[in-house]
Amino acid sequence: MNERKRVLVLFCGGTIVMEEKPDGSLAVPEDKDSAIEILRNCEPKLTTIADYDIEFIANIDSTNITPADWDRIIMKIKEKYREYDGFVITHGTDTMAYTAAALSVAINGLGKPVVLTGSQIPGGRIESDARRNLVNAFRLAIMDIAGVFIVFDERIILGSRATKASESRLDAFQSVNSEDAGEISIDIKMKDWVKKRIRETHDIEVSPGFESDIFVYTLSPGCDPNDLEFLLNNEEIKGIIIRAYGTGNIPYGFESFFKKARARNLPVIVTSQCLHGKTLMHLYDVGRKALELGAIEGHEQSLEILCAKLMWGLRHCPDRIEELINAENY
Ligand code: ASP
């Protein structure tokens, strides 16, 4: 006889449980139990897929998420790891890709699926995408795969590759510089490269803790590097990401910025402003100069995974940030 599967839902709020306030804006209900009830009511028949429990993490608009919430998710997965076949995290869409990236970095040896989902339309509305996303997240959470994923609309995206690409389309997320990990049609089809579930009893290694004092700066034509002096003089700032042009190009004039950052041991990571852009900083003189001055290339990675790696690395391996940025994204 087949044993019933077990899923643990980690509740983090988001539009999926939001209601309209008198002024027309959306917010999570103040009472967390009512919020959890809205989630349960999205699909009362979820138990036909798996038995499930819900653990409360946060009842927030995900705009307000912090690394402390990531740590709570990570520690809960560690604590309950052996008891469940898979984990579903219900979460607002705005920062879902950052949370997925953070979990991908801080959890090691994952042998089961951890699936993030949410909705673009509040779960209580008839036209909501909540039911379908939740059902598909549950289906994925009991499959024989392993890793962190975002399930949204018809897409299954690796947690370390996701970005929110639309604020309104139901198909809100995309994979950055990678194919999707799978797709949802009548069946769920996963790509061959997706890791398989580890069937033997095992544990995971987790390393919570993220440095939130990083700064992300977007170049615009004519921007003055002297304006960034405040960053270099602010001891609270521990790392910087520059969203540069094209293949990672930075205008001449940033020499002293890079020299001072290096003297302060401040890692400066360079990524591309292009949504699907990879850095190729050797290609143009304007990129090569920055590289020679100590910039760390973000390569093909999304802003979300670069932030998560930098934030995690500053706490766990501050002298090996470049190595961490270059490490495989899983
Ligand atoms: N602002 C909402 C949130 O991220 C958006 C959503 O859930 O779709 O919590």
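In case you missed it, the structure is sitting above this.
It should be emphasised that the depicted structure is a prediction, and the values quoted were computed from it without experimental measurement.

Calculation criteria
- Residues numbered from 1 in each chain as written.
- Predicted model: local features only at pLDDT ≥ 70, side-chain atom pairs only at ≥ 80, totals over all residues.
- Heavy atoms only, no water.
- Buried < 20%, exposed > 50% of the residue type's maximum accessible area, 1.4 Å probe, protein only.
- Helix = DSSP H or I, 4+ residues; strand = E, 2+ residues; numbered from the N terminus.
- Arc of directions from axis to C-beta.
- Contact = heavy atoms within 4.5 Å.
- Pairing = 2+ DSSP bridges.
- Axes fitted to C-alpha atoms, helices over the stretch in contact; angles between N-to-C directions.

## Focus: helix H6 (residues 255-263)
Note on helix geometry: an α-helix contains 3.6 residues per turn, so any two residues three or four positions apart are oriented the same way.
Link 1 in the chain: All of the buried residues in H6 are Phe257, Phe258 and Ala261. For H6, the arc enclosing every buried residue in end-on projection is 95°, short of the 170-degree limit, so these residues lie on one face. Those residues of H6 that are exposed and angled more than 90 degrees off the buried face are Lys259 and Ala263.
Link 2 in the chain: Tucked into the core, H6 has its buried residues touching helix H5 (229-233), strand E16 (239-244), strand E17 (268-272) and helix H7 (285-292).
Link 3 in the chain: Count one or two residues on from H6 and you reach Asn265, which has phi positive near 65°.

## Things to note about the sheet that holds strand E7 (residues 113-117)
Link 1 in the chain: Read across the open sheet, the eight strands follow the order E4-E1-E5-E7-E8-E9-E12-E13; overall the sheet is mixed. Because the sheet does not close on itself, it has two edges, and the strands there are strand E4 (51-60) and strand E13 (188-190). Going from strand to strand, the sheet's axes swing by 20° on average, the running direction of each strand aside.
Link 2 in the chain: Here E7 pairs with strand E8 (residues 147-152) via four bridges, running parallel. Bridge pairing in E8 places Leu116 opposite Ile150.

## Some details on the sheet that holds strand E15 (residues 214-218)
Link 1 in the chain: Read across the open sheet, the four strands follow the order E15-E16-E17-E18; overall the sheet is parallel. Because the sheet does not close on itself, it has two edges, and the strands there are E15 and strand E18 (296-297).
Link 2 in the chain: As paired elements, E16 and E17 share five bridges and run parallel to each other. Of the residues in E17, the one forming a bridge with Arg243 is Thr271.
Link 3 in the chain: Docked against the sheet, helix H8 (residues 303-316) engages E15, E16 and E17, running at close to 165° with respect to E16.

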